[in-house]
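Below are the chains, spelled out letter by letter.
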Amino acid sequence: MLIVMRHGALQQDVDRVVATIEDMGYQARPMPGKQRTTVGLVGNDGRVDSSRLEALPGVQEILHVTKPYKQVSREWKPESTVVRLPGGLTIGGDDVIVMAGPCSVESERQILDAARAVRDAGATVLRAGAFKPRSSPYSFQGLGRAGLKLLARAREETGLLIVTEAMDAEGLDLVLAVADIVQIGARNMQNYSLLKHAGRARKPILLKRGLSATITELLLSAEYILAEGNPDVILCERGVRGFDTTTRNLFDLSAIPVVHGLSHLPIVADPSHGTGHRDMVIPMARAAVAAGADGLLVEVHPTPDRALSDGAQSLYPEQFDRLMRETRIIVEAIGRRLAEPVGARA
Ligand code: PEP
Ligand code: MN
């Protein structure tokens, strides 16, 4: 439920609305806007008596959000969310951001080589998992804490920001100490205790679509994070399970305009997990950007044939160079800009 204040309503009117909502046992989220302030009522269980709010001074109208997700919807917040990152980088504005790197951190040499390669090609964020959710317990599980240390070193060396995955609440604290963006992977999209913990964090969260999650379910999972107070969520389309085994997943590019219509949150695309084959990554990266993705998450490995995870979908550095050149052309053709490396900005 949204309480829309009149243009020119006084601060004391807004305070009164907030106090009334809290007195009714709900949380209030005041949102000052260019034209007028709105106050969101969080936690509506269907028993809110809106007449108490309608009668308060300065209240213009009460809007009911019709979608099952509330704070992530465009009804709640019409302007697109721009997530701010260290060094002036943003996601969700005009800039299109490229996050690239290996699936997993494997060794110092591997992650530093990967970081330099993606930086030299123009990426601004290094991706790589220290904690890996693998289908088999016998597959490489990631270097854990040691991997996080290597990511911190790679950031020091290259100036790239870091996105890396947290798989559980304990791991989240470790990841938060290093990451600039915390990834919640497809397998954990509905790990509600992890989502709640991420909602109490003060860093942006990259939330990947679950293996067979609907867009409504993706948005409801994002709602968990916003409901706990963290507004900085970046959604990620990474493909859903299909019936055709030609590709690893069915890369749902239509999710990008659908999400942009339903939600103010940014959405990036992951053509690596979306297709599972390196030869398909460049065309689908181009298509995703053309479809309006706010960024790309791409797997790149210095020696993909020796990768400990997801080698078949990892680009060779030369291929990533090409991806960046072609992506830049499309980004500019649709009136956006490719995000500049942190050091290059004034
Ligand atoms: C990854 O980004 O390497 C990953 C594990 O992705 P997903 O959760 O989308 O499978
Ligand atoms: Mn991977």
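Scroll up to find the structure this text is about.
Residues numbered from 1 in each chain as written. Chains lettered and ligands numbered in written order. Predicted model: local features only at pLDDT ≥ 70, side-chain atom pairs only at ≥ 80, totals over all residues. Heavy atoms only, no water.

**Student:** Which parts of the structure should I look at to understand the nonpolar core?
**Tutor:** Most often, soluble globular proteins have nonpolar side chains that are buried together. By size, the foremost hydrophobic cluster in this structure holds 70 residues, and its most contacted members are Leu126, Leu151, Leu207, Leu235, Val298, Phe320 and Leu323. Here this core takes six residues from helix α7 (residues 215–227), the largest share from any one element. Other than its neighbours up to four places away in sequence, Leu235 contacts Leu206, Leu207, Leu218, Leu219, Ala222, Val259, Leu265, Pro266, Ile267 and Val268. Of all hydrophobic cores here, the second largest spans 17 residues; its members include Val18, Ile21, Leu56 and Ile62. (Core = buried A, V, L, I, M, F, W, Y, C linked by side-chain atoms within 4.5 Å. Buried < 20%, exposed > 50% of the residue type's maximum accessible area, 1.4 Å probe, protein only. Helix = DSSP H or I, 4+ residues; strand = E, 2+ residues; numbered from the N terminus. Contact = heavy atoms within 4.5 Å.)

**Student:** What should I look at first to understand the site of ligand 1 in this one?
**Tutor:** In the region of ligand 1, the neighbouring residues are Cys103, Arg127, Lys132, Glu165, Gln183, Gly185, Ala186, Arg187, Lys208, Arg238, His273 and Glu299. Taking Arg127, its side chain carries an N or O atom lying 2.8 Å from an oxygen atom of ligand 1. In isolation ligand 1 offers 300 Å² of accessible surface; the protein chains occlude 97% of this area. Within the shell around ligand 1, the residues separate by chemical class into two nonpolar, three polar and seven charged. (Near = heavy atom within 4 Å. Polar contact = N/O pair within 3.5 Å; in protein donor to acceptor, adjacent residues only side chain to side chain. Areas by Shrake-Rupley, 256 points an atom, 1.4 Å probe, with all protein chains shown as cover. Nonpolar A, V, L, I, M, F, W, Y, C, P; charged D, E, K, R; others polar.)

**Student:** Honestly, the sheet that holds strand β3 (residues 37–42) in this entry has me stumped. Any pointers?
**Tutor:** Adjacent strands of a sheet form backbone hydrogen bonds with each other and so pair up, either parallel or antiparallel. Read from one edge to the other, the open sheet built from four strands follows the order β2-β3-β1-β4, with strand pairing classed as antiparallel. Strands with a single pairing partner mark the edges of an open sheet, and in this sheet they are β2 (27–32) and β4 (59–63). Shown here is a sheet whose adjacent strand axes are inclined to one another by a mean of 20 degrees, direction ignored. Bridging between strand β1 (residues 2–5) and β3 involves three bridges; their strand directions are antiparallel. Pairing of Ile3 across the sheet is with Val39, part of β3. Docked against the sheet, helix α1 (residues 11–23) engages β1, β2, β3 and β4, running at close to 5 degrees with respect to β3. (Pairing = 2+ DSSP bridges. Axes fitted to C-alpha atoms, helices over the stretch in contact; angles between N-to-C directions.)

**Student:** Is there a simple way to explain empty space enclosed by the protein in this structure?
**Tutor:** Left-over empty space is what a probe sized like a water molecule reveals as it rolls over the atoms. Counted under the stated rule, the structure contains one cavity of 30 Å³ or more. Estimated volume of the largest cavity: approximately 30 Å³. Lining of the largest cavity is provided by Arg127, Ala128, Gly129, Lys132, Val163, Thr164, Glu165 and Gln183. Among the elements that make up the lining of the largest cavity, the one with the highest residue count is strand β9 (residues 161–165) (three residues). When the residues that make up the lining of the largest cavity are grouped by side-chain class, the tally is two nonpolar, three polar and three charged. (1 Å grid on protein atoms, 1.4 Å probe; cavity = no way out; pocket = protein on both sides within 12 Å on 5 of 7 lines; lining within 4 Å. Points joined across faces, edges and corners; volume = space filled by probe spheres on them.)

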